[in-house]
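Per-entry structural report
Take a look at the letters that make up each chain.
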Amino acid sequence: MITRIEKISSVSGTLVLPGDKSISHRAVMFSSMAEGKSGVINFLDSEDIASTRNCFQQLGAEIKREGDELTIWGCGRNGFRKPQKNLDAGNSGTTARLISGILAAQTFESVLVGDESLSKRPMKRIADPLKKMGADLKLTDEETLPIIFTPSSNFHSLDYTLPVASAQVKSAVLLAGLFNRDYTIVREPFITRDHTENLLGLDVEVENSLRIIRVNENNYPTPKEYIVPSDISSAAFFIVLTLLLKNSEIVIKDILLNETRTGILTVLKLMGADISADNVKNYIGEPFGDLIVKSSELNNISISSEIVPNIIDEIPILSVAGLFAEGKFEIRNAEELRYKESDRINALVENYKRLGVKVENFNDGFSLEGGVANKSTVLDSFGDHRIAMAFAVLSLLTEKEIGIENFDCVKISNPTFVKQLKSISR
Ligand code: S3P
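Please read these numbers as outputs of a predicted model, since none were measured by experiment.

Side note on the pattern of salt bridges
Scanning all chains against the criterion turns up 32 salt bridges. For Arg4, the salt bridge identified is with Glu401, shortest N-O distance 3.6 Å. Pair noted here: Arg4 is in strand E1 (residues 2-4) and Glu401 is in the loop between helix H12 (385-395) and strand E22 (402-405), with a separation of 397 residues, a long-range link. For Glu401, a relative accessible area of 39% translates into the label partly exposed. A cluster of three or more residues bridged by salt bridges with shared partners is formed by Arg121, Arg193, Asp313, Glu341, Arg344 and Asp384.

So this is what it looks like as structure tokens:
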């Protein structure tokens, strides 16, 4: 099916977006692990989080939903039960990689599966350290899902330096480390999102640019009330739209402002964006506040390699900002984009080509130059929610009709995207 979003001339008003995806996953997981009753307020009600909820319900957690609040009765350290069928992570890499750290430590067998896209994504990155911890797990010959976990009689701690900038890999090892008396140490040469550390209250030492994180059984989660700030990655689409439309100004309430996630704001501000934060608060180590965004003239800048892990989910929409900014947009050192819900470098390059933009495709990124051709076009989301929303924003910035195939996948991270957009459209 092809979706076309109605053209608008400006945006204004206030947006209240759903809860952050990364924090929602972790809040559901840690509540399910803790023994007793926890609450998750403003959780993200999307397909990815439904995958996490379903997996933990199968493991024995009781989860009740009322409005935007979940009440979870968790199972405790030895309380998970053998699932009756395969655990299905759906489209969600975070579910699959984080739950693997937990399943590797259990005393029952389990099988973890995913949808077609997730079943192509690399799992060796988590299997390697978990095997080093003594886990007994088997992947396909392509080192992908399904993974079969068998109880290990020799599950132990690990001192591990992350070979890839991935919060999911870091978190898989840290969660596995919760099941051992000895300390597991993760050394991180790159800065990736640190919600696992914050929500578990882990010890983090910084030595030069190396982050050293320690975890053992004493860090096992206890029941809590989680308040989930609104998702900055979902906000990024509305931020870029506001910046690029004329006579526009919006306020986005209670957005997560954790420094490992605000790279998109840093880059856009360096490009000339008028974005400010107000009412900044902090809850369980996670800062959040209101963002005020106004129409701006943008210029492309050189994007440093260090900030790439921090903006990895926002690169699709950042490229839209770059296309309409002065000068050439170029992103490099971003090979990880190839291992997301789609190969995002190919998905972006293919769609920009269809739009008549001059594109260069590199192994680790791409560049864009020149404007969009004056013709109607149909683009493809490649089943990837962030590609769908990035081009939905772009479609509002051109005169010609732009349709998007397979737009439905936005339900992975923000089922309310179109409704939210309508609420600020003028
Ligand atoms: C996530 C980590 C990132 C990110 C994903 C969510 C997380 O993936 O792209 O959307 O919640 O830990 P990687 O760890 O593969 O970089």
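Structure shown, so let's carry the discussion forward.
With respect to the pairing of strand E15 (residues 249-256)
Bridging between strand E2 (residues 12-15) and E15 involves 4 bridges; their strand directions are parallel. Directly across from Leu15, in E15, lies its bridge partner Ile252. Note: E15 against strand E17 (residues 286-294), 6 bridges, orientation antiparallel. In the strand pairing of E17, Val251 is matched with Ile292.

Digging into helix H11 (residues 344-354)
Within H11 the residues assigned to the buried category are Arg344, Ile345, Ala347, Leu348, Val349, Asn351 and Tyr352. On its buried face, H11 sits against helix H10 (315-324), strand E19 (358-362), strand E20 (365-369), strand E21 (377-380) and H12. Directly after H11, the chain includes Gly356, whose backbone phi takes a positive value near 85°.

Details of the site of the ligand
Residues in close proximity to the ligand include Ser22, Arg26, Thr94, Arg97, Ala165, Ser166, Ala167, Gln168, Arg193, Ile312, Asp313 and Lys340, which together make up its full environment. In the environment of the ligand, an oxygen atom lies 2.7 Å from a nitrogen or oxygen atom belonging to the side chain of Ser22. At a separation of 2.7 Å, an oxygen atom of the ligand approaches a polar side-chain atom of Arg26. Alone, the ligand offers 390 Å² of accessible surface; in the complex the protein occludes 95% of this.

Brief notes about the side chain of Glu188
Take Glu188: it is sitting in strand E11 (residues 184-188). One polar contact links Glu188 to Lys170, side chain to side chain, over a distance of 3.1 Å. There is a polar contact of 2.4 Å between the side chain of Glu188 and the side chain of Thr192.

Examining the packing of aromatic side chains
One pass over the structure, following the stated rule, counts 7 aromatic pairs. Measuring from ring centre to ring centre gives 5.9 Å for Phe56 and Phe80, while their planes differ by 55°; the resulting arrangement is tilted. Here Phe56, found in helix H2 (residues 47-58), pairs with Phe80, found in the loop between strand E5 (69-75) and strand E6 (87-88); they are 24 residues apart in sequence, far enough to count as distant. Each member of the pair Phe56 and Phe80 is classed as buried. With a centroid separation of 5.2 Å and an interplanar angle of 65°, the aromatic rings of Tyr352 and Phe391 are classed as edge-to-face. Of this pair, Tyr352 sits in helix H11 while Phe391 sits in helix H12, and the two are 39 residues apart along the sequence. Using a relative accessible area of 0% as the deciding quantity, one classes Tyr352 as buried. Through a chain of ring-to-ring contacts, the aromatic side chains of Phe237, Phe238, Phe407 and Phe417 assemble into a single cluster.

Basis of the calculations
- Residues numbered from 1 in each chain as written.
- Predicted model: local features only at pLDDT ≥ 70, side-chain atom pairs only at ≥ 80, totals over all residues.
- Heavy atoms only, no water.
- Salt bridge = Lys/Arg side-chain N within 4 Å of Asp/Glu carboxyl O.
- Helix = DSSP H or I, 4+ residues; strand = E, 2+ residues; numbered from the N terminus.
- Buried < 20%, exposed > 50% of the residue type's maximum accessible area, 1.4 Å probe, protein only.
- Pairing = 2+ DSSP bridges.
- Contact = heavy atoms within 4.5 Å.
- Near = heavy atom within 4 Å.
- Polar contact = N/O pair within 3.5 Å; in protein donor to acceptor, adjacent residues only side chain to side chain.
- Areas by Shrake-Rupley, 256 points an atom, 1.4 Å probe, with all protein chains shown as cover.
- Phe/Tyr/Trp six-rings, centres within 6.5 Å; stacked < 30°, edge-to-face > 60°.

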